[in-house]
Amino acid sequence: KYSGPINSRGTEATLQIDLAKLDDRQDDKDPRNRRVVLKDAFVRHPFNPQWAARMGYTTIPFGFEEEYSSSKRLPLERSKVATSFFPGEREPGLYLLYTPPDRRQPAVVIGYSNGMYEWGDRASSGDQDKKDHAWTGRVQWPLPSHGVAGLSYTSASRQREVGGERRDFDQNCWGAHVRY
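Let me sum up the structure you'll find in this document. Owing to the predicted nature of the structure, the values given are computational and were not obtained by experimental measurement.

## A short note on the overall build of the chain
Secondary structure assignment for the chain yields two helices and nine strands. When each of the 180 residues of the chain is scored for burial, the buried share is 34%. Residue pairs at least 24 apart in sequence account for 49% of intrachain contacts in the chain once pairs closer than 6 positions are excluded. As displayed, the chain offers around 11300 Å² of accessible surface, 56% of which is attributable to carbon and sulfur atoms.

Pasting the structure below:
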């Protein structure tokens, strides 16, 4: 993982890849499944101390769990909403981020993602013209001991595979989360 400044105005870039699938000792011996997996590739630019924008391939800001490392989460911290709506946990998107000057006030994220986390499957299935998209918002208040409480909303139009066939879904969902 690389994360650091790319200019003097505070713009930062992050690139993270996972090499674990290159391990040839896996149970899956198909060489097509041995690949480098992109985890993050985004740029974050601050407009001022409170407002910033993040653009690129990154986690979806719904609840707290998508932006909280999988290796640090307990099994019960993976909600059914997150695994159903965001099976890849990441998509290319553009997000506007608000961090309040007083850390006791809520932080806000509003963004748009284009649902292209399955682009490899789409290209092979001939469905690369399908336009998936999602609007996402989250308001999150800090709690003592690095805890958080918040509300999230997503409105999405996507395709999912159900029973071996691809179907269109309009997904609109509210979520509430607390971690103490």
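## Some details on the packing of aromatic side chains
Scanning the model with the defined rule gives three aromatic pairs in all. Ring plane angle 55 degrees and centroid distance 4.9 Å describe the contact between Y112 and W135, whose orientation is recorded as tilted. Residue Y112 is located in strand 6 (residues 107-113), and its partner W135 is located in strand 7 (residues 133-143); the two are separated by 23 residues in the primary sequence. The exposure class assigned to Y112 is partly exposed, which follows from its relative accessible area of 31%. For the ring pair Y153 and W174, a centre distance of 4.8 Å and an interplane angle of 45 degrees mean the geometry is tilted. Of this pair, Y153 sits in strand 8 (residues 147-162) while W174 sits in strand 9 (residues 165-179), and the two are 21 residues apart along the sequence. For W174, a relative accessible area of 62% puts it in the exposed group.

## So, the pattern of salt bridges
With the rule as written, the count across this model stands at one salt bridge. A salt bridge links R104 to D102; the nearest nitrogen and oxygen atoms lie 3.1 Å apart. By relative accessible area, R104 is classed as exposed at 69%.

Parameters and conventions
- Residues numbered from 1 in each chain as written.
- Predicted model: local features only at pLDDT ≥ 70, side-chain atom pairs only at ≥ 80, totals over all residues.
- Heavy atoms only, no water.
- Helix = DSSP H or I, 4+ residues; strand = E, 2+ residues; numbered from the N terminus.
- Buried < 20%, exposed > 50% of the residue type's maximum accessible area, 1.4 Å probe, protein only.
- Contact = heavy atoms within 4.5 Å.
- Areas by Shrake-Rupley, 256 points an atom, 1.4 Å probe, with all protein chains shown as cover.
- Phe/Tyr/Trp six-rings, centres within 6.5 Å; stacked < 30°, edge-to-face > 60°.
- Salt bridge = Lys/Arg side-chain N within 4 Å of Asp/Glu carboxyl O.

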